[in-house]
2 protein chains.
Amino acid sequence: MKSTSALDVLSALAHPTRLDAFRRLVRSEPDGLSTGQLVDASGLTQSTFSSHLAILVGAGLVLPEKRGRQMIQRANIEVLRDLMLFLAKDCCEGRAELCEPLVAELSHCC
Amino acid sequence: MKSTSALDVLSALAHPTRLDAFRRLVRSEPDGLSTGQLVDASGLTQSTFSSHLAILVGAGLVLPEKRGRQMIQRANIEVLRDLMLFLAKDCCEGRAELCEPLVAELSHCC
DNA sequence: TTCATACATCGGCAATTATCGATGGATTGA
DNA sequence: TCAATCCATCGATAATTGCCGATGTATGAA
């Protein structure tokens, strides 16, 4: 993952509405949620949320699928994984021992 | 890690200058770098970079230490780890199998 | 003490972002 | 066909962010 792409993903997640929507989508995998359901959960207007959603989609964090007249949104876990690898790599390349406790905690978190 | 704190960390990292500075500090662990060295590397003015640095410090990502008349900045890996755990938890709580490939890749990255 | 260095903070300005209501295109059902 | 639903896009406005130069504070050197 390139630094510019990581920045896009970080920026996309660095907003309460978008972080909340993304987490909601992760939890609703693999079914996803319609845009309307996400709008309702956000408490914002439809247009405002739509622009936030476009940012998540633009960063690759969310993959929309057409279903009838509504759009089903699904979280793209791979992009999240890429972001975490990008951040972890900084530790590893600098000093591997910095990364070990990180991986250790991640391993037993699941 | 609370959602608000995660947002602070994400916002702090979601800027090219700040992401670059943080990565630079991770790579220079455990010695750290002086503020002046970071300013030079950023290419920005001293005051502009100082405000960026304040955001990193505010998010807990950077820990400043006084040394004579200069400040030594050090990366705080724990906060990065907390952020990654926060993000990973979303996958785990929703569906553990989403998290497995993530941890697998992280494990052999170091 | 006096001057120079290292860094933080202040004030102002330009650019970006977040929000809304309104409009428009596509799809479904009557 | 016609009306309703779902969602994206447009245009405007208020708030936030990023940047700079100037000023302020603390430390170290002469």
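This text goes with the structure placed above it.
Please read these numbers as outputs of a predicted model, since none were measured by experiment. (Residues numbered from 1 in each chain as written. Chains lettered and ligands numbered in written order. Predicted model: local features only at pLDDT ≥ 70, side-chain atom pairs only at ≥ 80, totals over all residues. Heavy atoms only, no water.)

Asker: I'd like to hear about the environment of S28(A), residue by residue, with values.
Answerer: All names here are of chain A. Take S28: it is sitting in the loop between α2 (16-27) and β1 (33-34). The sequence separation of S28 and R74 amounts to 46 residues, and the corresponding C-alpha distance is 8.1 Å. There is a polar contact of 3.1 Å between the side chain of S28 and the backbone oxygen of L25. (Helix = DSSP H or I, 4+ residues; strand = E, 2+ residues; numbered from the N terminus. Polar contact = N/O pair within 3.5 Å; in protein donor to acceptor, adjacent residues only side chain to side chain.)

Asker: Any details on the pairing of strand β2 (residues 62-67) of chain A? Residues and values, ideally.
Answerer: Residue and element names in this part refer to chain A. Pairing geometry for β2 and strand β3 (residues 70-75), over six bridges, is antiparallel. When the bridges of β3 are listed, K66 appears paired with M71. Linking two consecutive strands that pair antiparallel, namely β2 and β3, is a turn of two residues; a positive phi of about 60° is found at G68 within it. (Pairing = 2+ DSSP bridges.)

Asker: Any chance you could break down the nonpolar core for me, citing the residues and the numbers?
Answerer: Core analysis: the largest hydrophobic core is formed by 76 residues, its most contacted members being L13(A), F22(A), L61(A), L13(B), F22(B) and L61(B). Residues in contact with L61(B), not counting those within four places in the same chain, are V9(B), A12(B), L13(B), F22(B), L56(B), R74(B), A75(B), N76(B), V79(B) and L80(B). (Core = buried A, V, L, I, M, F, W, Y, C linked by side-chain atoms within 4.5 Å. Buried < 20%, exposed > 50% of the residue type's maximum accessible area, 1.4 Å probe, protein only. Contact = heavy atoms within 4.5 Å.)

Asker: Go over the relation of the copies chain B and chain A with me, naming the residues and quoting the values.
Answerer: Its rotation angle being 180°, the transformation that places chain B on chain A also includes 0.0 Å of axial translation and leaves an RMSD of 0.0 Å. The superposition of one copy onto the other is thereby described by a two-fold rotation axis. Comparing interface residues between copies, 100% of those in chain B also sit at the interface in chain A, which points to an isologous, same-surface contact. (Least-squares fit on C-alpha atoms with pLDDT ≥ 70 in both.)

Asker: Describe in detail the interface of chain B and chain A, supporting the description with residues and values.
Answerer: Counting from both sides, the interface comprises 38 residues of chain B and, opposite them, 38 residues of chain A. Summing both partners gives a buried area of about 3800 Å² for chain B against chain A, and 78% of it is carried by carbon and sulfur. Joining chain B to chain A, the criterion identifies zero salt bridges. Between chain B and chain A we count zero residue pairs in polar contact (both at pLDDT 80 or more) in total. Secondary-structure elements contributing two or more residues to the side of chain B that touches chain A are α1 (3-13), α2 (16-27), α5 (77-94) and α6 (96-107) of chain B. With 13 residues, α5(B) is the single largest residue contributor to the side of chain B that touches chain A. Here the residues of the side of chain B that touches chain A sort into 26 nonpolar, five polar and seven charged. (Buried area = accessible area lost by both parts, 1.4 Å probe. Salt bridge = Lys/Arg side-chain N within 4 Å of Asp/Glu carboxyl O. Nonpolar A, V, L, I, M, F, W, Y, C, P; charged D, E, K, R; others polar.)

Asker: Tell me what's going on with the sheet that holds β3(A), and back it up with residues and numbers.
Answerer: Residues and elements named next belong to chain A. One open sheet accounts for three strands, arranged β1-β3-β2; its pairing is antiparallel. Each edge of the open sheet carries a strand with a single partner, namely β1 and β2. On top of the sheet, helix α4 (residues 46-58) reaches β2 and β3; it is set at about 115° to β2, its chief contact. (Axes fitted to C-alpha atoms, helices over the stretch in contact; angles between N-to-C directions.)

Asker: If you had to explain the protein's contact with DNA strand C to someone new, which residues and values would you point to?
Answerer: Around DNA strand C lies a shell of 20 residues, among which T48(A), H52(A), G36(B), Q46(B) and S47(B) are the nearest. Sugar and phosphate atoms constitute 62% of the interface atoms of DNA strand C, taking the interface as everything within 4 Å of the protein. Separating a phosphate oxygen of DNA strand C from a backbone N or O atom of T35(B) is a distance of 3.3 Å. The separation between a phosphate oxygen of DNA strand C and a polar main-chain atom of M71(B) is 3.2 Å. Elements with a minimum of two residues in the surface near DNA strand C: α4 of chain A together with α3 (35-42), α4 (46-58) and β3 (70-75) of chain B. Ranked by residues supplied to the surface near DNA strand C, first place goes to α4(A) with four residues. Tallied by class, the residues present in the surface near DNA strand C amount to two nonpolar, 14 polar and four charged. (Near = heavy atom within 4 Å.)

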